[in-house]
Structure formats: structure tokens, C-alpha cells
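Here are the chains, one letter per residue:
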Amino acid sequence: MESTKIFNTEQIKKATDNYNKSQVLGQGGFGVVYKGILSDNRVVAIKKSKTIGDQSQIEQFINEMIGFTQFNHRNVVKLLGCCLETKVPLLIYEFITNGTRFDHLHDKSQSSLFSWDKRLKIATETTSAFAYLHYDAFIPITHRDVKITNTLLDENHTEKVSDFGSSRLDPLDQTQLTNLVQGRFRYLDPECIHTSYLTEKSDVYSFDIVLAELLTVLDNNIHSGSNIVKELTKVANVAKWCLSIKGDDRPTMKELAVVLDGLRGKGKQVRKEANLNTEESEYSLSASTHSLNIYARVGYFSTSTIDSMGNQALKPTNDGR
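As the structure is a prediction and not an experimental result, all values here were calculated from the model. (Residues numbered from 1 in each chain as written. Predicted model: local features only at pLDDT ≥ 70, side-chain atom pairs only at ≥ 80, totals over all residues. Heavy atoms only, no water.)

Bringing the confidence of the model for the chain into the picture now. Chain-level pLDDT for the chain is 75 on average; 69% of the residues reach the 70-or-more range. At the level of individual helices and strands, the chain shows its lowest average pLDDT in helix α11 (residues 285–289), which scores 42, and its highest in helix α1 (residues 9–15), which scores 94. pLDDT under 50 marks residues 282–321. Its contacts with residues more than four places away, or in other chains, come to 79 contacts. (pLDDT = per-residue confidence, 0-100. Helix = DSSP H or I, 4+ residues; strand = E, 2+ residues; numbered from the N terminus. Contact = heavy atoms within 4.5 Å.)

Structure below.
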């Protein structure tokens, strides 16, 4: 297809200065990411995985790569192509300038710049990206490796989900499951431990851990105002919903996207109308956190219940599910 690019080894070597260590952007249990500059001066990120399956799995991977390059969503990193001449196929992505969300949230000099609305915006954009990958993409896929280091931010702090293609390089068997448990236990769907299957509801569970990380590194200057407390409570209820042990009891990414976008839109309007005054800004994180009494019952709820989520149980819809 027109936008699919198959790179050769010489192009990749030249782009990465022969895989120079100075070009390494990051590395982990599944591979290394290099910064590269193509012949047309485009800056790219080149992912080299450590493992690969058998020949049939490689062929399936190649076919999927053709589909992945057709993904078109503002919150999904663009896959530009791949290199198939190496022992392990290399993935070439667009380069996202502002690093991972982890870098920002765990750097005190940067985390204080992330307002509550910006954090809620990031969460909403993430669910929108996963809803697209699960249901609307050219080839719908389960990401299988949702974690905070796989969510990037561009120069405008727009969320970008990455590494959706890398999961296809590593077929999930019992050995791989063991690696997942050891490598990212806190993100792993507990249901997967019993079934050895990762589903779209596994992505929901893993996303919720990422959402919790957005909530638990708040600065005092962010957590000011009674409306912020109410919104935190509502988002915490949503988070608890995603942590249901059974995947069937969790929401879909589409439902999450609708709920979070609704909360964000309503919250912005309320804050605008309220014109938060000095007295409200005296709320501190330590005092307010104790007031977050979360009442949640596992189940689905419709968008019409968003307004009543503050201090009430989540209301399941009567749609037979």
C-alpha cells in the first residue's frame, strides 16, 4: 500500500549511525529503541525487539504491519514501516519529541506543570486511542503491553500511544506469560494468570493502573478547589470500575472514552462558571485526600449517570448485560 515503507538494512544502519549507543532512546525486556535520521531528514524511532516467533508468525506479522501503517488516529503513534532483512524485524515509528508520560510525572520540575485538566485530557486521549485500536482500526488489535512508558507526549502535550506493533513480535506462550508477570506485574490483568490470554479487557485493566498513576502523583497546587475534589472522586470511581477481577465486568475502552470525556467537559464548564476563589484554593492535597470516599459497585453505567457519580454508587444500565 502507498504509505507502507519497507526499509533495508543499509538505510537503518545509516539512520542510526550503525546502531550507535548514543542513539539509544530506551531499552527494556523486549528490545531497544534507537533514534534515527532518514535520508529525507525525517527523525524516527526504530524499535528492535529481542525475540520473534517461528516463520509462520513472522509472515503474519508482516501482513499485520501493512495494516498497521494504515492506522490514522491523532493519539496513536504512526508506524512508518519496517525492515525485514534482519533476523528480528525492525519497526520504524514517527519520532515523538516530548518523551514518555513517565518522564514527566516523575520529574518534580515537570509534574507541577501538569494541571488537573491536562491530566484528565491525557486520560481521555488515551482511552480514545485504545477505543480506536480495539474497534475502529484497519486491523483491530489488543495492545497487550499498556504501561506508562508506552504513552508518549508530543510538543503540545498531546497523548500518543506507542508500541502497538511490538506486541505482535512476541507471541504469548507460557514462557512469555512468565516474563510478563516478572516484567510488569502491576499492569498485568489478574485474569490472564489463570487463562494465559490477554484480551481488550486486559488493556482496560492495564490502562487503569496508568490512570491511577495520574491520580497518585498530584501536587498540592494542582489539587485546589472543591470542584477538583469532586472530579477526583468521580475519576476514582471510574478507576475502581476498571479494576474488576472479571474482564466481563470491566467497561470497554469506548465506554471509558465517553465517560471521561463527559467528566472533563462538565468539569471545565463548572470551573469556568464557578471562577474558583481564594478560599477554595486553600484546599490541600493531604486534607482533601481523606475526603475521597469512593463508593463503587461493579457494573456498567450509562453516560446519563455521569452527573451523579460524585458521592453515589455507580448505577448499572438495564441493558441485559
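On inspection of all chains with the given rule, the structure shows three aromatic pairs. Consider the rings of Y19 and Y34, whose centres lie 5.3 Å apart with planes at 65°: the pair is edge-to-face. With Y19 in the loop between α1 and β2 (24–28) and Y34 in strand β3 (residues 31–37), this pair connects stretches of sequence that are 15 residues apart. Taken together through their ring pairs, the aromatic side chains of F68, F71 and Y132 make up a single cluster. When the ring centre of F7 is taken as origin, the NZ or CZ atom of K5, which lies over that ring, is 5.6 Å away. We note K48 situated over the ring of Y19; from NZ or CZ to the ring centre the distance is 5.2 Å. (Phe/Tyr/Trp six-rings, centres within 6.5 Å; stacked < 30°, edge-to-face > 60°. Lys NZ or Arg CZ within 6 Å of the ring centre and 35° of its normal.)

What follows is about the nonpolar core. Counting 52 residues, the largest nonpolar core has F71, W116, L133 and F164 as its most contacted members. Residues F7, Y34, I46 and L90 belong to the second largest nonpolar core, which totals twelve residues. (Core = buried A, V, L, I, M, F, W, Y, C linked by side-chain atoms within 4.5 Å. Buried < 20%, exposed > 50% of the residue type's maximum accessible area, 1.4 Å probe, protein only.)

This part takes up helix α5 (residues 116–136). With 21 residues, α5 should cover 30 Å at 1.5 Å per step; its first-to-last C-alpha distance of 29 Å lies within 8% of that length. Taken across its 21 residues, α5 has 16 buried, putting it largely inside the fold. (Expected span 1.5 Å × (residues − 1).)

To continue, consider the state of the cysteines. Throughout the structure, instances matching the rule amount to zero disulfides. Not part of a disulfide, C82 finds its nearest cysteine sulfur in C83, a span of 7.8 Å. Using a relative accessible area of 2% as the deciding quantity, one classes C82 as buried. (Disulfide = S-S within 2.5 Å.)

With that out of the way, let us pick up the pattern of salt bridges. What the rule picks out here adds up to nine salt bridges. Measuring nitrogen to oxygen at the nearest pair gives 3.5 Å for the salt bridge that ties D117 to R264. Taken together, the positions of D117 in helix α5 and R264 in helix α10 (residues 253–274) put the pair 147 residues apart, joining distant regions of the chain. On the basis of relative accessibility, which here comes to 18%, the residue R264 falls in the buried class. (Salt bridge = Lys/Arg side-chain N within 4 Å of Asp/Glu carboxyl O.)

Attention now goes to the packing of α5 against helix α8 (residues 200–215). At their nearest, the axes of α5 and α8 sit 11 Å apart, and the two run at 170° to each other. Put simply, α5 runs roughly antiparallel to α8. On α8, the residues that touch W116, R119, I122, A123, T126, T127, F130, H134 and Y135 of α5 are E200, D203, F207, L211, L214 and L215. Residue composition of the contact of α5 with α8, by class: nine nonpolar, three polar and three charged. (Axes fitted to C-alpha atoms, helices over the stretch in contact; angles between N-to-C directions. Parallel < 35°, antiparallel > 145°, perpendicular 65-115°, else oblique. Nonpolar A, V, L, I, M, F, W, Y, C, P; charged D, E, K, R; others polar.)

With that settled, the discussion passes to unusual backbone geometry. Phi at D17 takes a positive value of approximately 55°, unusual for a residue other than glycine. Mapped onto the fold, D17 is located in the loop between α1 and β2. Its identity as a non-glycine residue notwithstanding, N41 has a phi of 75°, on the positive side. Within the secondary structure layout, N41 lies in the loop between β3 and β4 (43–49).

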